[in-house]
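Coordinate inspection notes
This is what each chain is made of:
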Amino acid sequence: MKKNTSKKNLQVQKREEAMIQGILEGSPDGIGVVVIRLDCGCRKMAAVSKEGEPASKIIMYRDQAESICDKCKEDNGAYMRVEESFIHWVEPAPSEQLQKEISLKVLGSSTEH
């Protein structure tokens, strides 16, 4: 059973990676993509510029679903339901200091360092 779980997580990561690449392709100013994973399984993503500003529209999606869940439709993926958030950096990644500054601006101080 554990193999199925890890295989499922791997598939989710591959689909997530594909979404990240798609967002970056449409965001020439993007140096990374903010990924927010919600407790319902939906995701929120957006490219971020070197100034820590949005470099794309926010994309919300749910793996293998036509649309996001009803809960997200109601509360737009409320902060209280965030399970994990991080920035996937474009290579070559910005300096560690700039990464920290952008992460703080975009994700706030409650993120793990």
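Quick note: structure is the one above.
Attention here is on the structure that accompanies the text.

Parameters at a glance
Residues numbered from 1 in each chain as written. Predicted model: local features only at pLDDT ≥ 70, side-chain atom pairs only at ≥ 80, totals over all residues. Heavy atoms only, no water. Salt bridge = Lys/Arg side-chain N within 4 Å of Asp/Glu carboxyl O. Helix = DSSP H or I, 4+ residues; strand = E, 2+ residues; numbered from the N terminus. Buried < 20%, exposed > 50% of the residue type's maximum accessible area, 1.4 Å probe, protein only. Core = buried A, V, L, I, M, F, W, Y, C linked by side-chain atoms within 4.5 Å. Contact = heavy atoms within 4.5 Å. Polar contact = N/O pair within 3.5 Å; in protein donor to acceptor, adjacent residues only side chain to side chain. Pairing = 2+ DSSP bridges. Axes fitted to C-alpha atoms, helices over the stretch in contact; angles between N-to-C directions.

**Things to note about the pattern of salt bridges**
- By the definition in use, this model includes 8 salt bridges.
- As a salt-bridge pair, Asp-63 and Arg-15 come within 3.5 Å of each other at their nearest N and O atoms. Taken together, the positions of Asp-63 in the loop between strand 3 (59–62) and helix 2 (70–75) and Arg-15 in helix 1 (residues 2–25) put the pair 48 residues apart, joining distant regions of the chain.
- For Glu-53, the salt bridge goes to Lys-105, with nearest N and O atoms at 2.7 Å. With Glu-53 in the loop between strand 2 (42–48) and strand 3 and Lys-105 in helix 3 (residues 96–107), the pair connects residues that are 52 residues apart, well separated along the chain.
- Glu-53 gets classed as partly exposed once you look at its relative accessible area, which sits at 39%.
- Residue class for Lys-105 comes out partly exposed when judged on its relative accessible area of 48%.
- One network of salt bridges, with partners in common, ties together Arg-15, Glu-16, Arg-37, Arg-43, Asp-63 and Glu-84.

**Some details on the nonpolar core**
- Ranked by size, the top nonpolar core spans 8 residues in total: Ile-20, Ile-23, Leu-24, Val-33, Val-35, Met-45, Ala-47 and Tyr-61.
- Among the elements that make up this core, the one with the highest residue count is helix 1 (3 residues).
- For Ile-23, the residues in contact, after removing those within four places along its chain, are Val-33, Met-45, Ala-46, Ala-47, Ser-56 and Ile-59.
- By size, the runner-up hydrophobic cluster in this structure holds 7 residues, among which are Val-48, Ile-87, Ile-102 and Leu-107.

**Points about the side chain of Arg-81**
- With respect to the helices and strands, Arg-81 occurs in the loop between helix 2 and strand 4 (82–89).
- Among the polar contacts listed, one links the side chain of Arg-81 to the side chain of Asp-75, at a separation of 2.9 Å.
- Apart from residues no more than four positions distant in its own chain, Arg-81 is found in contact with Arg-37, Leu-38, Asp-39, Cys-40, Lys-71, Cys-72 and Asp-75.

**So, the sheet that holds strand 3**
- Strand order in this open sheet of 4 strands is 3-2-1-4, and the pairing throughout is antiparallel. In the strand order of this sheet, the two ends are held by strand 3 and strand 4, each with one partner. Neighbour-to-neighbour, the strand axes of the sheet open up by a mean angle of 20°, direction not taken into account.
- When strand 1 (residues 32–38) meets strand 2, the two strands line up antiparallel, connected through 6 bridges.

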